[in-house]
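# Notes for the structure review
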Amino acid sequence: MHPLGNPAESGQPELHVQHVACVNNAAFVLRFVVQRLDGDRVISQTPAGGAFAAGQTRSVDLSALRFHGHALDVGDRVRIRARAIGGTRRDGPSVAFAPNGHTATFSVRGTTLSFSVNRI
């Protein structure tokens, strides 16, 4: 896994997905946004979704999202940014968009001030 950037540069295959899912395996309530990237730079993000408790999962269809009024193009990179209610924020690894029905699932683990977001 790579935290950001182009996985092809690290020798890993490109992961193209249509959906992202966030599994709350943490000891807190969380929210997340989807961020559109240009390289390592965030150029736009969705509004925060509703908060959800430990043991729950939320999924987003990337093809339904609009960033500054525009849909994602195939190959556009996105990542999730999780926020612990009453705590800090962390970024997950990035993935590329493609309308292929595939899902990248991310697990959030830890406590409000010390947690991780990893692709599973």
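First, a word on scope: everything that follows refers to the structure included in this document. (Residues numbered from 1 in each chain as written. Predicted model: local features only at pLDDT ≥ 70, side-chain atom pairs only at ≥ 80, totals over all residues. Heavy atoms only, no water.)

### Thoughts on the overall build of the chain
Where we set the bar: We count a stretch as a helix when DSSP gives it H or I for four or more residues in a row; a strand needs E for two or more, and each element gets its number in order from the N terminus. The criterion used for residue contact is that any of the two residues' heavy atoms lie within 4.5 Å.
When its secondary structure is counted, the chain shows zero helices and 10 strands. In sequence order, the secondary structure elements of the chain are arranged as β-β-β-β-β-β-β-β-β-β. The contacts in the chain between residues at least 6 apart in sequence include a share of 66% that link residues at least 24 apart.

### Here we look at the sheet that holds strand β9 (residues 103-111)
Where we set the bar: Two strands make a pair as long as DSSP finds a minimum of two bridges between them. Lines fitted to the C-alpha atoms define the axes, with helices restricted to the stretch that makes contact. Angles between their N-to-C directions range from 0 to 180 degrees.
Pairing in this open sheet of four strands is mixed, and the strands run β5-β2-β9-β10 from one edge to the other. Edge positions in the open sheet fall to β5 (57-61) and β10 (114-119), since each of these has one partner strand only. Strand-to-strand twist across the sheet, computed as the mean angle between neighbouring axes with direction ignored, equals 20°. Inspection of the sheet shows β9 paired to β10 by six bridges, in the antiparallel sense. Bridge assignment links T111 to a residue of β10, and that residue is S114.

### Some words on the nonpolar core
Our working rule: We call a set of buried Ala, Val, Leu, Ile, Met, Phe, Trp, Tyr and Cys residues a nonpolar core when their side-chain atoms join them within 4.5 Å. Exposure classes here rest on a 1.4 Å probe applied to the protein chains alone. A residue is buried below 20% of its type maximum, exposed above 50%, and partly exposed in between.
Judged by nonpolar contacts, the single largest core of 25 residues is most densely connected at V20, V34, L62 and V108. Taken together, the elements giving at least two residues each to this core come down to β2 (19-24), β3 (30-38), β6 (77-84), β8 (95-97), β9 and β10. Looking at this core, the element that brings in the most residues is β6, giving four residues. Excluding its chain neighbours within four sequence positions, the residues that come into contact with V20 are V34, R58, S59, V60, L62, I80, V95, T103, A104 and F106.

### Some words on the pattern of salt bridges
Put simply, the rule reads: What counts as a salt bridge is simple: a side-chain nitrogen of Lys or Arg found within 4 Å of a carboxyl oxygen of Asp or Glu.
Counted by the stated rule, this structure contains four salt bridges. Between R36 and D76 there is a salt bridge; the shortest N-O distance is 3.4 Å. Taken as a pair, R36 in strand β3 and D76 in the loop between β5 and β6 lie far apart in primary sequence, 40 residues in all. Residues R79 and D91 are paired through a salt bridge, measuring 3.3 Å at the closest nitrogen-oxygen approach. Here R79 is found in strand β6, whereas its partner D91 is found in strand β7 (residues 89-91), with 12 residues between them in sequence. The class of R79 is buried, set by a relative accessible area of 7%.

### Digging into the environment of T88
What counts is decided by this rule: Counted as a polar contact is a pair of N or O atoms within 3.5 Å, where, for protein atoms, one must be capable of donating a hydrogen and the other of accepting one, and residues adjacent in sequence contribute only when both atoms are in side chains.
Its place among the elements puts T88 in the loop between β6 and β7. Classification of T88 as partly exposed rests on a relative accessible area of 23%. Spatially, the C-alpha atom of T88 lies 7.8 Å from that of S114, the residues being 26 residues apart in sequence. In this structure T88 touches A82, R83, T112, L113 and F115, once residues within four positions along its chain are discounted. Polar contacts involving the side chain of T88 include one to the side chain of R90, which spans 3.5 Å.

### Considerations on the packing of aromatic side chains
Stated formally: Two rings from Phe, Tyr or Trp (for Trp, the six-membered ring) form a pair when their centres are within 6.5 Å of each other. A pair whose planes differ by under 30 degrees is stacked, one over 60 is edge-to-face, and the rest are tilted. Put simply, a charge is over a ring when the Lys NZ or the Arg CZ is close to the ring centre, within 6 Å, and near the line of the ring normal, within 35 degrees.
All told, the structure shown has two aromatic pairs when counted by the stated rule. Plain terms: the ring middles of F32 and F52 are 6.2 Å apart, the flat faces sit at 80° to each other, and that makes the pair edge-to-face. Residue F32 is found in strand β3, and its partner F52 is found in the loop between β4 (41-45) and β5; the two are separated by 20 residues along the sequence. Residue F32 is classed as buried on the basis of its relative accessible area, which comes to 8%. Residue F52 is classed as buried on the basis of its relative accessible area of 1%. Between R90 and the ring centre of F115, over which it is positioned, the NZ or CZ distance is 5.4 Å.

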